[in-house]
Structure formats: C-alpha cells, structure tokens
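Letter by letter, the chains look like this.
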Amino acid sequence: MSLISLVGASKDFGLRSLFSDLDLHVGDRDRLGLIGPNGAGKSTLLRVLAGLEPLDQGERRCHVRTRVVLLDQEPRLDPDLTVLEQVFAGDGEAMALLREHAGVSHQLATSPEDDQLLARLSALQHRMDSCQAWDLERRCREVLERLGIDAAHQERTIGELSGGNRRRVALAAALVAEPEVLLLDEPTNHLDAEGVEWLQSYLDRFGGALVLVTHDRYLLDRVTRRIVAVERGEARPYEGNYGTYLALKAAEEEAEASSAAKLKGTLRRELAWLRQGPKARSTKQKARLQRIDALLEAPARQGRSSLAMAATARRIGKRAITAEGLAVAVAERTLLHDFSYDFSPEDRVGIIGPNGVGKSSLLEVIAGRRSPSEGLLELGATVKLAYFDQHSDVLLAKDGKRKVIEVVQEAASRVQVDGVELTASQLLERFLFPPAQQHQPVAKLSGGERRRLHLCRLLIEAPNVLLLDEPTNDLDVHTLSVLEEFLDDFRGCVVVVSHDRWFLDRTVDRLFHFEAGRLERFEGNYSSWLERRADATTPGPAPAPAAAGQQAPRPAEPPGRAAAVGPRRRSFKEARELERLETELPELEQRRRELEKHLAAPSGPDYARLEALTHELAALVERIAAAEERWLVLSELAL
C-alpha cells in the first residue's frame, strides 16, 4: 500500500531542474535511501514528500490521516521550550499529557507552594496513569540519552543548547513520534559512533516507512532496501541496498560508455561515406543522409559530472608534528593530559571518542588556534598545514555576499595541479562548480556545496599536513569517495576526527581513542578497533558449579603461564558445508556477472523484465554476502 505518492512530479530551482516527471511511491515499511551530489535536490525532495514544498508540476498524494515527520537539516525548534517539552511536541493524547505535565512541573520548580499547580499536577498524573504516558516518557528520556542528551541537559531550554545538541533533540523528537512515514535528512550529523550504531539498530526495528538522506554509507547499506539517485534533473530508482546500487550503477555506466563508443563508430563510418560517396542523389543515398542527420541531432545523454581532486601537496621533510607531554584544557576543564607522539610525514591517524571529550580542541591546538595548557607542540620547518574544520558556515558569515570564484581567487588565481596550470575557474569546475554557478553569491550554495567550496579553498594552497574535523558532514557520497581516493594519493600527514565508520576504515591505519583524559593508541582501522573492543567487553562463559565430591576447578594461570588451548576443530558436517560453499560461490558469482551483463545490455522498453532481473540481482548479492561470511567462519576452524 502506498502511503505517499508523487506522480509526474517536477521541481525547478531557479534556472536548474532538480527533477522532472518523477513517479515515486513510498509504501508501508519501505526503506528508501536518497543519494546524489550536493545541491541535486535530495533535501528538496524530502520536503516535497513531507508536503512542505510545493511542486511546479505533478501532484503529491497522501492520505490525510497518514502521519509524516521530517527531520530537516536545520530544524526549527522553539527556543523557549525545555528539551523534554520539545520532544513531547508530537501528536496524540499521551504526548499532549506529557507536554502539559512538563510545563506544570517547570512552573512548580519556581512556585512549589502553589496549591492550584499541585492540584493540576495530581489530576494530570491520574490521567497519565490511565493512558500509560509514563512509559512514553521513559522511552523519550532513553532516546535522548542514547543520542547524547543527558538528564541535566533535558531540563534546559532549547535556546541554551549548542547547535549539535539542538539537532539531536530534533532527531529524538522525530524518532519518538513514531509516524507512519519518517523522513530523515542527514540524521548522523553531530552523533558520535555509538550514537550512530544505536540509531542503526533503532531504524532496523522501526515499524513505519523510512526515507533517508545520509552520507554514512554503512547506515545506508544496512538500513535501506531501495535507492533513488537524484542527479542531472532525474530521480532514478534502484532496487536493493547501497552495495547493490553500486553494482548496478557500474554496469549502467559501462553500458553507457559502450553505447557512446558504438555511436561514435557509426558516425565515423557514415561521415566517411558522406565525404567519399558519389555525388548522385539516389534514394539510398538520401536515406543515409537522413540517418546521419538523425544521429547528429539525437540528444546525447549528459555524462555524469566528475569531481577531480588532484594532489597539489608540496614537499614535506622528515618531521611533521611533535607533541610532548601535551595537555588541553577548556574553561579550566582538562580534556587531555600527557600526550606525546611524533606524527610522521606519511601518518594516517584517526582520533575517535564520544562528543565533548576534546577531539576538536586537540585539532585546534595542532592548528595553532588554541594554546596547549601544558607541554610542547612543534611543527616541522617545511609543514604547510590546512585545517578543514566543522564550521564551513564561516564562508557564509565572511563571504556570503561574495561570488564563489572570488573566494577561491583570494587564495590563488592560478595553481599547478599535476604539472598543469589551472585558473581558479578551471579548478572550481573540477570541484563541480560550473561557470554559471561560480558567479553566484556564496549564500545561495547548499550546506554541502559550501563544504565543498571550503575544501577547494584549502587544497588550492597545496598543504602537506591535513587536519580534517568531521569532514563527512554535509558532503555527498560521491564527493566522499573522491576525497578518499585523494587521500590515498596525498603525499603528507593526515589527522582525521570523524564518527563516519566507512570513512575511517578507508583512510586511517592508526587510531587514538579518548579514554579518561588520555589518548589510547590502536594500530588498525575503525572496524578492527570495534572488534577488539567487542572481544574485550564480551564476558567469558561462567564456570559450571562443581558436583558433590568433585574437585573444584583450579584458578586460571596468570598470563604467560596458561596452558595452550587449541582452536575448535571443524566437524564432519561443517567440512561438508565448506566443500559445498567452495563449489557454490563460483556459481553464484558467475550468475551475478550474467545478471549484470543482462542489465547492462540494451533491452528496449521491457521494464517488467528489467525489474525482475534487478530483484534477482539484489537477492543474489545478499546471498553471496551471507555465503562468503559463512565460508570465512568455517575456513578459520582447524582441520
């Protein structure tokens, strides 16, 4: 059953078409992910689905009783409400009672002897008992705490909170409302890694339909079951999760490249005939001329815009950054003490930990924006440092009225990239800012486009040490992929503060984790650190009680003296299963290649067949992933 439908929907933004003639249906328990470049219209499409943005053409169909909740990137909250009152602002009797109870309790805090308020509170409590509102309040508080809003902050007003905390409150309010359709625009922004993992499990259990815009590719891959790519004025649906979408998109682009090559070959042959053929105008010759005209006039599908971040780093010496006995304090609160480490010129370091422990403050000390409270910090003599912080909105504050190209020209009018001299305009084109957009005010850019402009401005200065503070916030998935490839080739030191699990896995090989004011070092990426943490926190099996007359087990030997315990041996049944998987996996891979080949081949308007093949491929990808995971488990067992 469709809960929201867009039929023939079109939306323009100035001179640019965001999407046109779009048919999109959000069904019961649907799990839909929207992806595309910054500024392509993902947030606008969410607002259209929510009924907050009008369409230029087409219609939106939604039953009047269908509850739809949108988490916007810039949520509008009442600054005079407390956190709990804001979370209780949803529909329903229980929510209304909780809202009223929170307001009366707030008034009683200042007038505890007011008999009328006491009587009103008592009556409210009886009504809340009858409709089980207390359970809802407990759940609201639990969601807030899971998202990083502790009990002390829950009694504050919205106006007293930081921007990140306001965003978390808005997310909590959207989750506890439990609508039929939940629309989330970048819900992981300002969440730490534990908060993102909890959100992922919450969305897995969510009973309604979900439409999600996020840069967190693990979340996108594990929660969604359908992807809609918003790009070049189109919104194209793909069945399956993010991994399936990548496979289908690769096959699609390969088919487009093949079709373009065939068209080029046909044109070359036809034009050669046109130049060399006889002058006489026979019927066949006229037909060939008409064929050439048709090929030349056929609208070519516009190629996908490609973001190009080429390495422009300057040479770096043997020393990058040296920290000795470093301490960081903010407002007389020590966040970090006694940190010593030599960052090498080729280091790829990630700094992780909950919100508020001091990760950004440490980067500010390294960048020279903040002085350490103790210890020594030295940069190498050849270091050219660039700090990509979380506040790209500084461009809006300083340069909001200036043109995009002026912001880059201020850093350099020309730059050498891979031996080629580029103008500021050419560099902006590499960062997906077409000439028309380069002369727009910065204020007209989306949040993600401002982040991309901020990154362009930094890289044009050719740094050799990069400090990245939550670089994935507001950047689209494609830009993140290109940034990861850029960091692979970057000749210099990279220090990353991020909660993005995919980005950390791709870019770092060493982690520092904040632990009680200290940085604990770990060799490996984020997934390896999670596995190590899970192993450390998983309790071992409890010892069985000794039977009567049986000798009690001896205490465990200290480390280094424990008797060696061999790995669990593979059973006969498991050995047969492993043999079956080793035969089955190549067959499944062969079938996947065949399906991708069928999907890539031109097939005409047989949409039913395409849809059937797409469903089969999505199911096959999941089956292969499960089989590979089982094969890994069985292959590690001893013979």
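Heads up: the structure comes first, above all this text.
Residues numbered from 1 in each chain as written. Predicted model: local features only at pLDDT ≥ 70, side-chain atom pairs only at ≥ 80, totals over all residues. Heavy atoms only, no water.

A. Just the overall build of the protein, in detail. When its secondary structure is counted, the protein shows 22 helices and 20 strands. Sorting the 639 residues of the protein into buried and exposed places 45% on the buried side. The long-range share in the protein, meaning contacts at least 24 apart out of those at least 6 apart in sequence, stands at 68%. Of the accessible surface of the protein, which amounts to about 33,900 Å², a share of 50% is contributed by carbon and sulfur atoms. (Helix = DSSP H or I, 4+ residues; strand = E, 2+ residues; numbered from the N terminus. Buried < 20%, exposed > 50% of the residue type's maximum accessible area, 1.4 Å probe, protein only. Contact = heavy atoms within 4.5 Å. Areas by Shrake-Rupley, 256 points an atom, 1.4 Å probe, with all protein chains shown as cover.)

B. View of the pattern of salt bridges. As enumerated under the stated definition, the model contains 29 salt bridges in all. Glu-178 is the salt-bridge partner of Arg-139, the closest N and O atoms lying 3.5 Å from each other. Of this pair, Arg-139 sits in helix 5 (residues 133-146) while Glu-178 sits in the loop between helix 7 (163-177) and strand 6 (181-185), and the two are 39 residues apart along the sequence. Owing to a relative accessible area of 24%, Arg-139 belongs among the partly exposed residues under this scheme. Judged by its relative accessible area of 41%, Glu-178 is partly exposed. The partner of Glu-410 in a salt bridge is Arg-402, and the shortest N-O contact between them spans 3.4 Å. (Salt bridge = Lys/Arg side-chain N within 4 Å of Asp/Glu carboxyl O.)

C. Broad picture of the sheet that holds strand 4 (residues 57-62). Read across the sheet, three strands follow the order 2-1-4 without closing on themselves; strand pairing throughout is antiparallel. Each having just a single partner strand, strand 2 (16-27) and strand 4 make up the two edges of the open sheet. Pairs of neighbouring strands in the sheet enclose a mean axial angle of 15 degrees, with direction left out of account. Pairing between strand 1 (residues 2-13) and strand 4: five bridges, direction antiparallel. For Ser-10, the partnering residue across the bridge sits in strand 4 and is Gln-57. The strands that helix 1 (residues 42-50) touches are strand 1, strand 2 and strand 4; relative to strand 2, the one it contacts most, it runs at about 50 degrees. (Pairing = 2+ DSSP bridges. Axes fitted to C-alpha atoms, helices over the stretch in contact; angles between N-to-C directions.)

D. How the structure looks around the packing of aromatic side chains. Evaluation of the coordinates by the stated rule reveals ten aromatic pairs. With a centroid separation of 5.1 Å and an interplanar angle of 80 degrees, the aromatic rings of Tyr-238 and Tyr-245 are classed as edge-to-face. Of the two residues, Tyr-238 and Tyr-245, both sit in the buried class. On the numbers, 5.4 Å between centres and 85 degrees between planes, the contact of Phe-339 with Phe-512 is edge-to-face. (Phe/Tyr/Trp six-rings, centres within 6.5 Å; stacked < 30°, edge-to-face > 60°.)

E. Representation of the packing of helix 14 (residues 404-411) against helix 17 (residues 447-459). One can describe the packing of helix 14 onto helix 17 by two numbers: an axis separation of 8 Å at closest approach and a directional angle of 20 degrees. In terms of orientation, helix 14 and helix 17 fall into the roughly parallel class. Our pair here, helix 14 against helix 17, has a crossing hand that is right-handed. In this structure, helix 14 contributes Val-404, Val-407, Val-408, Glu-410 and Ala-411 to the contact, and helix 17 contributes Leu-453, Cys-456 and Arg-457. Per-class residue counts for the contact of helix 14 with helix 17 are six nonpolar, no polar and two charged. (Parallel < 35°, antiparallel > 145°, perpendicular 65-115°, else oblique. Left-handed = near helix turned anticlockwise from the far one by under 90°. Nonpolar A, V, L, I, M, F, W, Y, C, P; charged D, E, K, R; others polar.)

F. Broad picture of the pairing of strand 3 (residues 31-35). By the criterion of burial, strand 3 is predominantly enclosed, with five of the five residues buried. What you see with strand 3 is no split at all: Arg-31, Gly-33 and Ile-35 on one side and Leu-32 and Leu-34 on the other are buried throughout. As judged from the four bridges shared by strand 3 and strand 7 (residues 209-213), these two strands associate in the parallel manner. Looking across to strand 7, one finds that Gly-33 is bridged to Leu-212. Examined bridge by bridge, strand 3 and strand 8 (residues 226-231) share four bridges and lie parallel to one another. Residue pairing in the sheet places Leu-32 in a bridge with Arg-226 of strand 8.

G. Representation of helix 17 in the model. The terminal C-alpha atoms of helix 17, which comprises 13 residues, lie 19 Å apart, in line with the 18 Å expected from a rise of 1.5 Å per residue. A large share of helix 17 lies buried, amounting to twelve of its 13 residues. Considered for burial, the residues of helix 17 that qualify are Gly-448, Glu-449, Arg-450, Arg-451, Arg-452, Leu-453, His-454, Leu-455, Cys-456, Arg-457, Leu-458 and Leu-459. (Expected span 1.5 Å × (residues − 1).)

H. Local environment of the nonpolar core. Grouped together as the largest cluster of nonpolar side chains are 45 residues, with contacts concentrated most on Val-143, Leu-147, Leu-171, Leu-175, Leu-182, Leu-184 and Leu-203. Leave out the neighbours within four places in its chain, and Leu-203 touches Arg-31, Leu-175, Leu-182, Leu-184, Leu-210, Leu-219 and Val-223. In terms of nonpolar packing, the next biggest core, distinct from the first, is built from 41 residues, Phe-388, Ile-405, Phe-431 and Leu-453 among them. (Core = buried A, V, L, I, M, F, W, Y, C linked by side-chain atoms within 4.5 Å.)

I. Quick peek at the sheet that holds strand 17 (residues 465-469). If you trace the six strands from one edge of the open sheet to the other, you get 14-17-18-12-19-20, paired in mixed fashion. Of all the strands in the sheet, just strand 14 (385-388) and strand 20 (518-523) have a single pairing partner and so form its edges. Neighbour-to-neighbour, the strand axes of the sheet open up by a mean angle of 15 degrees, direction not taken into account. Bridge count for strand 12 (residues 348-352) against strand 18 (residues 493-497) is four bridges, and the pairing is parallel. Within the sheet, the bridge partner assigned to Arg-348 lies in strand 18 and is Val-494. Sheet strands in contact with helix 12 (residues 359-366) are strand 12, strand 14, strand 17, strand 18, strand 19 (510-515) and strand 20, and its direction is about 155 degrees off that of strand 17. Against the sheet, helix 17 engages strand 14 and strand 17, with an angle of about 175 degrees to strand 14.

J. Structural context of the environment of Arg-402. Take Arg-402: it is sitting in the loop between helix 13 (394-399) and helix 14. Owing to a relative accessible area of 25%, Arg-402 belongs among the partly exposed residues under this scheme. Separated by 41 residues in the primary sequence, Arg-402 and Ala-443 have C-alpha atoms spaced 8.3 Å apart. Contact partners of Arg-402, with chain neighbours within four places excluded, come to Val-407, Glu-410, Gln-440, Pro-441 and Val-442. Separated by 3.3 Å, the side chain of Arg-402 and the backbone oxygen of Glu-406 make a polar contact. (Polar contact = N/O pair within 3.5 Å; in protein donor to acceptor, adjacent residues only side chain to side chain.)

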